[in-house]
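Observations on the model geometry
Chain by chain, the residues run as shown.
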Amino acid sequence: MRLDFENFSVEIDADATCRAYEGLRRTDEKCSCDGCQNFPLAIGEALGEEGRRLFESMGVDPAKAMEAYVNLARDEGTILYGAWYHLFGRIERRVETVPDVTAAVWGRDRERWIGDNAHIFFADGEGVQLKEDVFSGRAEVVQMELLADVPWVMDGPNPYLDE
């Protein structure tokens, strides 16, 4: 499968990625903190139908992030999470920023919004962090970064609102 962005393209081996995700643990099985317990229960809602279909087409289970972390809690009851996922594939076309384009504009051109609450972008090479064993030893692995406003769905109050 191929994802085309304004200034780059990513080729993804969705079948190999799906097989890899079958053996991975959910985020709440790897960490007991409140944020990691909430993330796999609520990420599907945050992604919406469009996002869930996109993740499925790439072979990625959204509840099995390699890493998920809380950036901040919002008063309306959502949490701004960052997370990343590994996929078998490669960035095929990359246009570097040019002198008359600001970094903010260029950055937006390398993102893909998923509905109103989330966006993704990709990294390769040294940008791929904390590979699970199933992704080690393969040169063609990309990291999909996710930023998303995710609802708090756990029983009890959101502990991040007090921070």
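Residues numbered from 1 in each chain as written. Predicted model: local features only at pLDDT ≥ 70, side-chain atom pairs only at ≥ 80, totals over all residues. Heavy atoms only, no water.

Helices and strands together make up the secondary structure of the protein chain, namely 4 helices and 7 strands. Across the protein chain, helices and strands are ordered from the amino to the carboxyl terminus as β-β-α-α-α-β-β-α-β-β-β. Put simply, the protein chain has 163 residues, and 45% of those count as buried. Long-range contacts, defined here as pairs at least 24 residues apart, represent 72% of the contacts in the protein chain between residues at least 6 apart. (Helix = DSSP H or I, 4+ residues; strand = E, 2+ residues; numbered from the N terminus. Buried < 20%, exposed > 50% of the residue type's maximum accessible area, 1.4 Å probe, protein only. Contact = heavy atoms within 4.5 Å.)

In this section: the side chain of H119. On the secondary structure map, H119 appears in strand β6 (residues 118-123). Residue class for H119 comes out buried when judged on its relative accessible area of 10%. The residues touching H119, leaving out its near neighbours within four places in the chain, are E111, R112, W113, I114, E145, L146 and L147.

Our next topic: the nonpolar core. F39, I43, M58, Y85, F122, M144 and L146 are the most contacted members of the largest nonpolar core, which has 43 residues in total. Breaking this core down by element, the ones donating at least two residues are β2 (8-12), α1 (14-22), α3 (34-58), β4 (78-94), β6 and β7 (141-151). (Core = buried A, V, L, I, M, F, W, Y, C linked by side-chain atoms within 4.5 Å.)

Once that is clear, we can look at the environment of E92. Within the secondary structure, E92 is located in strand β4. Spatially, the C-alpha atoms of E92 and V10 are 5.6 Å apart, while their sequence positions differ by 82 residues. Sequence-distant contacts of E92, that is, excluding residues within four places in its chain, are made with R2, S9 and E11. A polar atom in the side chain of E92 sits 3.0 Å from the side chain of R90. (Polar contact = N/O pair within 3.5 Å; in protein donor to acceptor, adjacent residues only side chain to side chain.)

Moving on to the confidence of the model for the protein chain. Looking at the protein chain as a whole, the pLDDT averages 85, with 87% of positions reaching at least 70. Predicted confidence is poor over residues 103-107, with pLDDT under 50, and the contacts of this stretch with residues over four places away or in other chains come to 5 contacts. (pLDDT = per-residue confidence, 0-100.)

So, about the pattern of salt bridges. Pairs can form between side chains of opposite charge once their charged atoms are near each other. Considering all chains together, one arrives at 10 salt bridges under this definition. Several salt bridges converge on common partners, so that one network encompasses R2, D4, E11, R90, E92 and E140. (Salt bridge = Lys/Arg side-chain N within 4 Å of Asp/Glu carboxyl O.)

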